[in-house]
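# What the coordinates show
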Amino acid sequence: MTDPHQYLVSFEQRLQQAQEQADAIQTAFRESRTEAQSPDGSVIITVGSGGRIESLQLTPRADDLGHTALGRTIMDTIRRAQVEAARKIEDTMRPILGDGEGMAFLREQVEQGIAVIDPAGTVEEPKPAPGRPAPPQGDEDDFGGNSVLR
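Attention here is on the structure that accompanies the text. (Residues numbered from 1 in each chain as written. Predicted model: local features only at pLDDT ≥ 70, side-chain atom pairs only at ≥ 80, totals over all residues. Heavy atoms only, no water.)

Examined against the element boundaries, T46 turns out to sit in strand β2 (residues 43–47). Each residue touching T46, except ones within four places of it in the same chain, is listed here: R33, T34, E35, R52, I53, E54 and S55. (Helix = DSSP H or I, 4+ residues; strand = E, 2+ residues; numbered from the N terminus. Contact = heavy atoms within 4.5 Å.)

Have a look at this one:
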């Protein structure tokens, strides 16, 4: 049988390690705050933890864009900021989680939740979650949001 005193000491050590990891995770999310600027300098976006938009700034250069181009530039800049914030979290979490299943799960969640920017700078929309079938098109049982009960 294990010595109860030694068991308690070991348990307290594991608890302390878990608390340190939890603190590191909180810090990683807090420090993931990122600012991104559009290539033309017309839009500046700041995102916080989880990719939450904290601020949107339009510079005088935004006046030169039409409404369609400005909307696209805003969305692209948001995605760039979110990708950078996600990279910061991954870089901070890698020493904590290692390169095992925990890190793979984090990476999967990030990839599902935000757009991906390839090295050429092209933004791709988020991918649908694996294992979830696409909703059927023209489903006979779809009552268009109306109840079948009248």
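Now that the structure is up, let's keep going.
At their nearest, the axes of helix α1 (residues 4–30) and helix α2 (residues 67–97) sit 9 Å apart, and the two run at 170° to each other. It follows from the interaxial angle that α1 and α2 lie roughly antiparallel. Contact residues: α1 offers Q21, A24, I25, A28 and F29, while α2 offers I89, T92, M93 and I96. (Axes fitted to C-alpha atoms, helices over the stretch in contact; angles between N-to-C directions. Parallel < 35°, antiparallel > 145°, perpendicular 65-115°, else oblique.)

Now for the pairing of β2. The element β2 is extensively covered by neighbouring structure, given that 5 of its 5 residues are classed as buried. Residue alternation in β2 divides its side chains into two sets, V43, I45 and V47 and I44 and T46, and both sets are buried. Sheet topology places strand β1 (residues 34–37) next to β2; 4 bridges connect them, and they run antiparallel. Bridge assignment links Q37 to a residue of β2, and that residue is I44. Where β1 hands over to β2, the hairpin turn is made up of 5 residues, of which G41 adopts a positive phi near 80°. Judged from the 5 bridges that link them, β2 and strand β3 (residues 53–58) form a sheet pairing that is antiparallel. Pairing of I45 across the sheet is with L56, part of β3. The hairpin turn running from β2 into β3, its antiparallel successor, is 5 residues long, and G50 in that turn takes a positive phi close to 75°. (Buried < 20%, exposed > 50% of the residue type's maximum accessible area, 1.4 Å probe, protein only. Pairing = 2+ DSSP bridges.)

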